[in-house]
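So you can see what is in the structure, the chains are spelled out below.
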Amino acid sequence: MGSLIRFELRKILNNRAGMVACALALVMLVGITVLDVFTTETYDQSGRTCAGLEALDAYRARQESHAGNLDAARVAADLTIYDRASELAKSEEPAYSSMSSEQVLDVYGFEFWRDTYAVLQDTYFRRLHQVMLTSDETYAKDLGQGMAARANLDLDHGFRGRYSYSPSERALWQEKLAGIESPLEWGYADGWVSAFNWTTFLGFAVAALCVALSGVFSSEYQNRTDSIVLPTKLGKRALPRAKVVASLVFTTVYWWIVVAAMMGGIFAFFGTEGASLPVQVAGFTNLYPLTIGKATLLRCVLGYVVALGMAALTLLLSSKVRSAVVPAIVPVSLMLLGLVGIFFNPTAKLAGLLPLGGMTWSYMQTVSYAVGPLALDLPKVLLLLYGAMLLALTPLAMRAFTRHQVA
Amino acid sequence: MELTLDRLTKQFGSKIAVDRVSATLTPGVTGLSGANGAGKTTLMRMVCDVLRPTSGQVLLDGQDTVEMGDDYRALLGYLPQDFGCYPDFSALDFMRYMATLKGFGNRDGRARSMQLLEEVGLADEARRKVKTYSGGMRQRLGIAQAMLNDPAILVLDEPTAGLDPKERVHFRNLIAGFAQNKIVILSTHIVSDVEFIANRILVMRQGAFVLDDSPELVVAQAAGKVWECHVDAHRAEEMASGMTVANVRYAADGHAVVRVVADELPMGGATPVEPTLEDLYLYVFRDQVER
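Below or above, wherever it landed, is the structure these notes cover. (Residues numbered from 1 in each chain as written. Chains lettered and ligands numbered in written order. Predicted model: local features only at pLDDT ≥ 70, side-chain atom pairs only at ≥ 80, totals over all residues. Heavy atoms only, no water.)

Let's shift gears to the interface of chain B and chain A. It is common to give the size of an interface as the accessible area lost on bringing the parts into contact. Contacts between the two partners involve 32 residues from chain B and, on the opposite side, 30 residues from chain A. When the two sides are added together, the surface that chain B and chain A hide from each other amounts to roughly 2900 Å², 55% of it contributed by carbon and sulfur. The interface formed by chain B and chain A contains five salt bridges. Its salt-bridge partner being A:Arg237, residue B:Asp70 comes within 3.1 Å of it at the nearest N-O pair. The set of elements that each furnish at least two residues to the side of chain B that touches chain A consists of helix H3 (70-73), strand E6 (76-79) and helix H4 (91-101) of chain B. A total of seven residues in the side of chain B that touches chain A trace back to one element, the largest contributor, which is H4(B). When grouped by side-chain class, the residues that make up the side of chain B that touches chain A number 16 nonpolar, five polar and eleven charged. (Contact = heavy atoms within 4.5 Å. Buried area = accessible area lost by both parts, 1.4 Å probe. Salt bridge = Lys/Arg side-chain N within 4 Å of Asp/Glu carboxyl O. Helix = DSSP H or I, 4+ residues; strand = E, 2+ residues; numbered from the N terminus. Nonpolar A, V, L, I, M, F, W, Y, C, P; charged D, E, K, R; others polar.)

Here you go:
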C-alpha cells in the first residue's frame, strides 16, 4: 500500500495545472501579507507620516503604550482623554476634519496634535469609545458592561439586521460573553491580529488544492489508463484507497506549508508577542472567550478541516466525470460564491457555510445556526459539515471508481 | 482451467453490442476475429471485469468472476486496444506501478519489470519518459505490462498494432511460448497473428459468434470458395470493383492474377485454390467488405 500511495502522490505532483495553482496561491498569500506590510502608512510619535517597517514600529509603540488591564478606572481615564480630544477637534471644525497628520502639526503645533489627532486616529481609543457608548449617549460602567450592551444590541437587531437570533442562539452567545475574562488585558499583539485576519484568505489555498486533486480519478478515464489499472489485483480496492490517502496527505502537507509560510512572513515582520492576550484585541465586538493565539490557530485548524471536506468533494466529482475541468470548477465556484454571497443579506447565512464565507466570519462574527433548542456557532457547524463531507464523500468516490465501466 | 462465457450480453441503449455469446475457453491461444464494431472489444472488457454485462456471466472453473473479485483479477493480464500511459512516468516507473497494482513488492516488481522490458526490447529505453515513445514502443510496453504477473488468463486486444513485421514475429513467438498452460484470447485484424499459433478461432459478427472451431476447420468453411483468375490488368480492375477480391498481383507484361472469394466460379478459366484464414475472413464478411 505504501508504494501505491507514493505512486499516487507522484501522479498528483505531475498535474502541472494543479501545481501551478498551488504555487500561485502560496505566492499570493505570502505576497499579499508582505505587500500589506510595505504599503502600511501611519503617523509616528512625532506626528510624521511613515510607511512600511517604520509604520509597524509606530503601531507597535502605540499599542504598547496602551498595555495593561482595562479595568473600570483605566477605561474611564482613557475615555476622558478621548472626549477631550473630540471637543478640541470639534472646536476647530470644519477645517480640522480634512487635515492630515502633518497639516495638523503645521497649523496647530505638536501639543494640539498629540491631544487630538493622535488620540482620535488611534484604533484603540476609537474602538473603546464605540463599545462603551450606550444608546442614550452615556458611557457604560465598565468594559464588561459596555461589551454586554453592544452584544445585546446586536442580538436584538439580528445578524445583518435580517436574521433574528433564536432563544437558544441568544443563550449561546450570552454564555460566550460571560466567559470573556474581566478585566480584559490589552497590549501589543499585532502579529497575531494580522495572522487572525489574514487566515480568511487561506480559502484560496483550498481552491488551489481542489485544482490539484481534480484529476485524481478523472485523469484515469481521460488518459484511458482505467482499462489497465482496474483489471488488476489491487485495481478496485487498494488503488482507490491509495488515491484517497495520497490526496489527503497532499492536502495536509500543502495546507500546513501555506499556513507556516503565511504565518512565518507575518511574524517575521510583526513578532509573536501577545498570543495570550484576549481575541478582543482584534475587536471588542468579538464574543469569543479565547486568546488571540488560540483563535488564530483554531481558524487554521478549521480551515484544514474545510480543506479536507472540499478535497473529498473534489475527489467525488473526479470519480464521476471524465474531465478534470468539472471537478476543479465546481469547488472553485463554491469558494467564489461564498466570498460574494456574504455581502448580500438574503444569501449571507447560506454563504457563511461555504469555504471562503465561513472562513471570513469564523471566530470573528456572531454567526450561529439553530435547529430548535440546539444552537451552534459557525465554526462548529463548519467543522461538522466539512467533517461529514470528508467521511461521507471519500467512500463514495472510491465506490464510483470501483464501479466505473470502461466503455 | 476453464473460462466459460455463459450467454454474455451487453446492450448500450437500443444497440446490442454482444448478443448472448457462449463459449468455454481452455488453455491455448484463442483467436477472436471480426469486423470493426463486431463486439470483440466489448466482449473482452466483460471478460476482464471492466464492463458489467447486461446479462450472462463469465465463469472461471464454475465460479462467477465478478464474485471472485480481486482473486480473479489477480489471474488476469489485459492489453486493451487503445490504452493510455502516464506520460511523465518512465517505462520502468510505469512497469513498477503496474507491478505494484498486480501485487508485487518493490524489489520483485522492479526485477520482473526489467525482465519483461528486456523481453520486449525496451530495456535500453527503460528510463525514458513514455511520452517520448513511438506507437510501436508503447505497444510493446503494453504487452509487457499485461504479462507482468504471468497471468493465467491473458487478454490481448489488437496487440500488434503499430509493430513492424519483425516485432510481430517476435510477439507471436512470445505468445506461443507463453500459452502452453494459459488461456490466451487474442483479438486481431492481422490474420498472421493467429494463423500460426491459435488453437481455436472465434469469428464474431454483429455481437454473436458465427464460427467457432480450430483454424483448420474454420478455414475449411471457405473451401471451394476461393479462386485464382488470370486476366489482363484492365479486367483485373473491373473485377476488383465488382467482386470480393483477396489479392491482385500484376506482372510486367500487363497480365494479372486475381484471387477472388466467391460462392461460384467467378469467370471461365478460374481455378479453385486452397483457402487461407484471410480468405475465410473475407468470405464471412463479404457483405461488409468495401469494393
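Its place among the elements puts B:Ser33 in strand E3 (residues 28-34). Look past the residues within four positions of B:Ser33 in its chain and what remains in contact with it is B:Lys40, B:Thr188, B:Leu202, B:Val203, B:Met204 and B:Tyr281.

Glancing now at the sheet that holds strand E11 (residues 226-232) of chain B. Residues and elements named next belong to chain B. Taken in spatial order, the four strands make up an open sheet running E12-E13-E11-E14, and their pairing is antiparallel. Because the sheet does not close on itself, it has two edges, and the strands there are strand E12 (244-250) and strand E14 (271-272). Relative to strand E13 (residues 255-261), E11 is paired through seven bridges, and the arrangement is antiparallel. Across the sheet, residue Trp-227 finds its bridge partner in E13, namely Val-260. Relative to the sheet, helix H10 (residues 233-242) contacts E11, E12 and E13, its axis offset from that of E11 by approximately 140 degrees. (Pairing = 2+ DSSP bridges. Axes fitted to C-alpha atoms, helices over the stretch in contact; angles between N-to-C directions.)

What follows is about the nonpolar core. Grouped together as the largest cluster of nonpolar side chains are 183 residues, with contacts concentrated most on A:Leu143, B:Tyr97 and B:Leu141. Counting residues per element, this core draws most heavily on helix H16 (residues 292-320) of chain A, at 16 residues. Mapping this core onto the domain boundaries places at least three of its residues in each of domain 1 (2-38 + 188-402) and domain 2 (43-56 + 65-166) of chain A. B:Leu3, B:Leu32, B:Met44 and B:Tyr72 belong to the second-largest nonpolar core, a separate cluster that totals 29 residues. (Core = buried A, V, L, I, M, F, W, Y, C linked by side-chain atoms within 4.5 Å. Buried < 20%, exposed > 50% of the residue type's maximum accessible area, 1.4 Å probe, protein only. Domains from an automatic or database assignment.)

Residue and element names in this part refer to chain A. An ideal rise of 1.5 Å per residue puts 28 Å on 20 residues; helix H4 (residues 72-91) measures up with 29 Å between its terminal C-alpha atoms. For H4, the full list of buried residues reads Arg-74, Val-75, Asp-78, Leu-79, Tyr-82, Ala-85 and Ala-89. What you see down the axis of H4 is that its buried residues fit within an arc of 125 degrees, all on one side. Those residues of H4 that are exposed and angled more than 90 degrees off the buried face are Ala-73, Thr-80, Glu-87 and Ser-91. In this structure, the buried residues of H4 make contact with strand E3 (68-70), helix H6 (110-115), helix H7 (117-120), helix H8 (123-132) and helix H9 (143-157). (Expected span 1.5 Å × (residues − 1). Arc of directions from axis to C-beta.)

Before going further, it helps to spend a moment on unusual backbone geometry. Negative phi is the rule for most residues except glycine; trans is the rule for most peptide bonds. A cis amide bond links A:Ser182 with the next residue in sequence, A:Pro183, at an omega value of -5 degrees. If you check the backbone angles, A:Arg160 has positive phi at about 60 degrees while not being a glycine. In this fold, A:Arg160 is placed in the loop between H9 and helix H10 (167-179). Backbone geometry at B:Arg20 places phi at a positive 50 degrees, although glycine is not the residue there.

A few words now on empty space enclosed by the protein. Residue and element names in this part refer to chain B. Taken as a whole and judged by the stated rule, the model has three cavities of 30 Å³ or more. By volume, the largest cavity is sized at about 80 Å³. Around the largest cavity sit Leu-32, Ser-33, Thr-188, His-189, Ile-190, Val-191, Val-194, Ile-201, Val-203, Leu-277, Leu-280 and Tyr-281, which together line it. For the lining of the largest cavity, the secondary structure elements donating two or more residues are E3, helix H8 (191-195), strand E9 (200-205) and helix H11 (277-284). For the lining of the largest cavity, the element with the highest residue contribution is H11, accounting for three residues. (1 Å grid on protein atoms, 1.4 Å probe; cavity = no way out; pocket = protein on both sides within 12 Å on 5 of 7 lines; lining within 4 Å. Points joined across faces, edges and corners; volume = space filled by probe spheres on them.)

So, about the sheet that holds strand E4 (residues 55-60) of chain B. All names here are of chain B. Across the sheet, four strands lie side by side as E2-E1-E4-E5; this open sheet has antiparallel pairing. The strands lining the two open edges of the sheet, one partner per strand, are strand E2 (15-25) and strand E5 (63-64). Two strands pair when backbone bridges link them, and E4 and E5 are joined in this way by two bridges, in the antiparallel orientation. Of the residues in E5, the one forming a bridge with Leu-59 is Asp-64.

Our next topic: the pairing of E9(B). All names here are of chain B. In terms of burial, E9 is a largely internal element, six of the six residues being buried. Side-chain alternation along E9 places Arg-200, Leu-202 and Met-204 on one buried face and Ile-201, Val-203 and Arg-205 on a second face that is also buried. By the bridge criterion, five bridges tie E3 to E9 in an arrangement that is parallel. Looking at E9, one finds that Gly-34 is bridged to Met-204. What sits between the antiparallel neighbours E9 and strand E10 (residues 208-213) is a turn of two residues, in which Gln-206 has the positive phi angle 50 degrees.

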